[in-house]
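Chain by chain, the residues:
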Amino acid sequence: MVKVNSCVFISGSGSNLKSLIKNSRNHNFPIKINLIISNNTNAYGLKYAKKYNIPYKFYSYKSRNFFERNCLKELKKRKIKFLCLAGFMKLLSKYFIKNFRYKIINIHPSLLPKFKGLNTYNRALKNNEKYTGCTVHHVSPQPDSGNIILKKKIIIYDNDTENSLKKRILKQEHKLYPEAIRCSFR
Ligand code: GAR
């Protein structure tokens with residue numbers, strides 16, 4: 001199988017990155033992770049780039065223009081054709097998304113279109129939702145709004161806290177993201 005050259009964008013702990021790296025090492029997984037980009041020089045997830053010997057870059061997002069210009073240059077140089085946002089907590093411009101021909105996907109910790117944005121666990125609890133979950137979707141210029149690829153629903157229990165929900169959702173994310181990538185190349 002010819003794998004598609006891909007890059008993962010992160011900002012923080014990188015547990016989804018770890019799961020994607022592990023899956024991508026499987027010979028029939030459709031993407032190869034050739035590059036990792038972080039907007040945060042202290043992102044814990046960069047540890048996985050080092051551990052698995054994957055090239056990585058840090059670009060400051062103080063200016064979005066600076067960040068995107070450097071990313072595009074590096075992505076073109078490495079012939080990257082597919083981007084996965086995995087806990088990347090910044091917005092990409094319409095220009096960047098278009099330039100990448102909409103081949104960008106993201107994972108979000110709620111059942112979109114519910115609870116776009118931040119503090120999704122807290123908002124689901126406060127809203128007395130019976131269920132929440134996670135969603136993998138195409139990235140469009142409006143945040144958390146592109147076409148949905150896959151969702152996974154989980155039950156909210158009476159004794160759930162923000163932390164317990166986060167833990168359970170993250171566990172599901174690690175399965176859903178690779179599955180959604182497989183779906184995207186079917
Ligand atoms: C994940 O829960 C992901 O869904 C969320 O950040 C976390 C990153 O965890 N992303 C967003 O909220 C994007 N809107 P990780 O760094 O351990 O993969």
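Residues numbered from 1 in each chain as written. Predicted model: local features only at pLDDT ≥ 70, side-chain atom pairs only at ≥ 80, totals over all residues. Heavy atoms only, no water.

A. Expanded view of the environment of Cys134. When you line up the elements, Cys134 lands in strand E6 (residues 131–138). In this structure Cys134 comes out as buried when scored by relative accessible area, which is 0%. In this structure, the C-alpha to C-alpha distance between Cys134 and His108, residues 26 residues apart in sequence, is 5.6 Å. Cys134 has contacts with His108, Pro109, Ser110, Leu111, Leu150, Lys151, Lys152, Ile169, Gln172, Glu173 and Leu176, leaving out every residue within four places of it along the chain. (Helix = DSSP H or I, 4+ residues; strand = E, 2+ residues; numbered from the N terminus. Buried < 20%, exposed > 50% of the residue type's maximum accessible area, 1.4 Å probe, protein only. Contact = heavy atoms within 4.5 Å.)

B. Just the pattern of salt bridges, in detail. Tallied over the full model, the rule gives four salt bridges. Note that Arg78 is salt-bridged to Glu74, the shortest N-O span being 2.7 Å. Owing to a relative accessible area of 7%, Glu74 belongs among the buried residues under this scheme. The partner of Asp160 in a salt bridge is Arg168, and the shortest N-O contact between them spans 2.8 Å. Residue Arg168 is classed as partly exposed on the basis of its relative accessible area of 26%. (Salt bridge = Lys/Arg side-chain N within 4 Å of Asp/Glu carboxyl O.)

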